[in-house]
Amino acid sequence: DHTNWTTKGASKQDMNDGGAFTGGGDLGGGVAIVAQLRTLRRMTFGNAGGGALFRLDKLADDVGCVHPRAQATYNGVFYCLHTDGFWKTAGGPPVNIGAGKVNKWFLARCPDLTKVSASVDPKNTIIRWRYPEPVIEVITGFDWWNWDDDRLRRNRDLFEIESATFWKSSPE
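Quick caveat: nothing in here was measured; it's all calculated off a predicted structure.

*Asks:* Sorry, what's going on with the sheet that holds strand β8 (residues 95–96) here?
*Replies:* Each strand in a sheet pairs with another by means of backbone hydrogen bonds, the pair being arranged parallel or else antiparallel. Taken together, the four strands give an open sheet; going across it, the order is β5-β6-β7-β8, and neighbouring strands pair in antiparallel fashion. Unpaired on one side and paired on the other, β5 (71–74) and β8 mark the two borders of the sheet. The sheet strands contacting helix α1 (residues 101–109) are β6 (77–82), β7 (85–89) and β8, and the helix crosses β7 at an angle near 130°.

*Asks:* Mind showing me how you'd approach the layout of surface pockets here?
*Replies:* Regions of empty space are outlined by a rolling probe, equal in size to a water molecule, passed over the atoms. Size it by volume and the largest pocket reaches roughly 450 Å³. Elements with a contribution of two residues or more to the lining of the largest pocket: β6, β7, β10 (126–130) and α3 (149–154). Of the residues forming the lining of the largest pocket, the biggest block, three residues, is contributed by β10. Here the residues of the lining of the largest pocket are counted per class, giving 14 nonpolar, four polar and three charged.

*Asks:* Just to check I follow, could you spell out α1 for this structure?
*Replies:* Given 3.6 residues per helical turn, the α-helix brings residues three or four places apart onto the same face. All buried positions along α1 are accounted for by V102, N103, W105 and F106. Buried positions in α1, seen along its axis, are confined to an arc of 165° and lie on one side of it. Across from the buried face of α1, at angles greater than 90 degrees, the exposed residues are K104 and A108.

*Asks:* Would you mind showing me how to read the packing of aromatic side chains here?
*Replies:* The way to describe two aromatic rings as a pair is by their centre distance and the angle between their planes. In this structure the tally under the stated criterion is two aromatic pairs. Arranged with centres 5.0 Å apart and planes meeting at 55°, the rings of F86 and F106 form a pair that is tilted. Within this pair, whereas F86 is found in strand β7, its partner F106 is found in helix α1, the two being separated by 20 residues in sequence. The pair F86 / F106 is uniform in exposure class, with both members buried. Note on F86 and W129: the rings are 4.9 Å apart at their centroids and 65° apart in plane angle, and the pair reads as edge-to-face. With a gap of 43 residues between them, F86 in strand β7 and W129 in strand β10 connect regions that are remote in the sequence. Across the pair, W129 and F86 agree in class, each one buried. A network of ring pairs unites the aromatic residues F86, F106 and W129 as a single cluster.

Criteria and cut-off values
Residues numbered from 1 in each chain as written. Predicted model: local features only at pLDDT ≥ 70, side-chain atom pairs only at ≥ 80, totals over all residues. Heavy atoms only, no water. Pairing = 2+ DSSP bridges. Helix = DSSP H or I, 4+ residues; strand = E, 2+ residues; numbered from the N terminus. Contact = heavy atoms within 4.5 Å. Axes fitted to C-alpha atoms, helices over the stretch in contact; angles between N-to-C directions. 1 Å grid on protein atoms, 1.4 Å probe; cavity = no way out; pocket = protein on both sides within 12 Å on 5 of 7 lines; lining within 4 Å. Points joined across faces, edges and corners; volume = space filled by probe spheres on them. Nonpolar A, V, L, I, M, F, W, Y, C, P; charged D, E, K, R; others polar. Buried < 20%, exposed > 50% of the residue type's maximum accessible area, 1.4 Å probe, protein only. Arc of directions from axis to C-beta. Phe/Tyr/Trp six-rings, centres within 6.5 Å; stacked < 30°, edge-to-face > 60°.

This is the structure in structure tokens:
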């Protein structure tokens with residue numbers, strides 16, 4: 001009975017900070033991520049001490065997920081879009097995967113983050129991000145969303161170039 005918190009197996013923990021719940025993902029191995037607007041938490045299942053069935057640990061303040069469609073979990077990693085850009089975590093401290101120029105370029109061109117969504121492409125083992133039409137028009141043909149994290153970091157300078165020069169560039 002979900003309304004009876006004294007039922008065997010039931011437990012609860014408050015999450016008063018961090019804003020609205022926006023989703024989460026199963027990382028495997030008894031670990032999941034719980035996403036709120038401004039907080040990411042690791043949920044560990046099993047004996048969490050003191051007889052608790054699970055434990056919640058806050059991974060970061062001021063890093064969360066903007067809405068339920070702006071997140072994806074694949075191969076033990078949770079990816080999400082926060083108000084300051086793209087993030088990932090495998091259960092430890094979140095990593096800003098677009099830190100600097102990538103996030104700056106994207107956020108300048110996508111003022112409505114509720115129009116962005118993420119999905120998993122398991123065949124190609126990548127996370128795909130869908131953007132609003134005006135952003136799609138700018139980046140069509142550039143294909144940077146298929147780059148791995150290292151390649152994005154090596155080519156950060158491309159994201160400060162005006163869109164008209166993208167088709168003249170030949171990134172590595």
